[in-house]
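Listed below, chain by chain, are the residues.
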Amino acid sequence: MSTFSIKKSNLITREGYDILERELRYLWKEERPRVTQQVADAAALGDRSENAEYIYGKKRLREIDRRVRFLTKRLEQLRIVYPSAQQQGKVYFGAWVDLEDDSGEVKRYRLVGPDEFDLRLNKLSIDSPLARAILGKSLDDEVKVITPAGERWYLITAISY
């Protein structure tokens, strides 16, 4: 049995980096002290083996600590990418791109790092097949993307930063 892993890009927008940094600060400075106090209060009530607040609090502390460790390491690895004037007219990291599909439907996506992608907000991971297909392309370029549903064609109708 063979296993493979997809290498995750270390690129991020300034906005995405700030969001992760705020989450880390919130977990460490606000959430963790509050949960620690709740655990101490629950422990003071006596028998810990049947104390749901104590058990849940300890579990939540482990989750917070795990996320804090991850964010601390990940923020050290990330490289913030700022748009430059040379990028104008071409699709690169951080671009907002309007794509028209075969049926004439237009969707707008922003190419972002894997740590900040969110399709509900039209933020597309730079590591996705669609993003890889449009990287470096220009306005009015047609792009073919192979998806699990088959081959799809897109026309780049707008690019902005």
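Reading guide: rules and limits
Residues numbered from 1 in each chain as written. Predicted model: local features only at pLDDT ≥ 70, side-chain atom pairs only at ≥ 80, totals over all residues. Heavy atoms only, no water. Pairing = 2+ DSSP bridges. Helix = DSSP H or I, 4+ residues; strand = E, 2+ residues; numbered from the N terminus. Core = buried A, V, L, I, M, F, W, Y, C linked by side-chain atoms within 4.5 Å. Buried < 20%, exposed > 50% of the residue type's maximum accessible area, 1.4 Å probe, protein only. Contact = heavy atoms within 4.5 Å. Axes fitted to C-alpha atoms, helices over the stretch in contact; angles between N-to-C directions.

The next point concerns the pairing of strand E6 (residues 142-147). Alignment of E6 against strand E7 (residues 150-160), held across six bridges, turns out to be antiparallel. For Val145, the partnering residue across the bridge sits in E7 and is Arg152.

Of all hydrophobic cores here, the largest spans 20 residues; its most connected members are Val91, Val97, Leu99, Leu111, Leu130, Ile134 and Ile156. Elements supplying a minimum of two residues to this core: strand E3 (96-101), strand E4 (106-112), helix H3 (129-134), E6 and E7. Looking at this core, the element that brings in the most residues is H3, giving four residues. Once residues within four sequence positions are removed from consideration, Val97 is found in contact with Val91, Lys107, Arg108, Tyr109, Leu111, Ile134, Ile156 and Ala158. The next biggest cluster of nonpolar side chains, apart from the first, holds 16 residues, and it includes Val35, Ile64, Val68 and Leu71.

A few words now on the sheet that holds E7. Taken in spatial order, the five strands of this open sheet run E5-E4-E3-E7-E6, and their pairing is mixed. Among the strands making up the open sheet, the edge pair consists of strand E5 (123-125) and E6. Each strand of the sheet is rotated relative to its neighbour by a mean of 45°, with strand direction disregarded. Taken together, the five bridges between E3 and E4 define a ladder with antiparallel strand orientation. Of the residues in E4, the one forming a bridge with Leu99 is Lys107.

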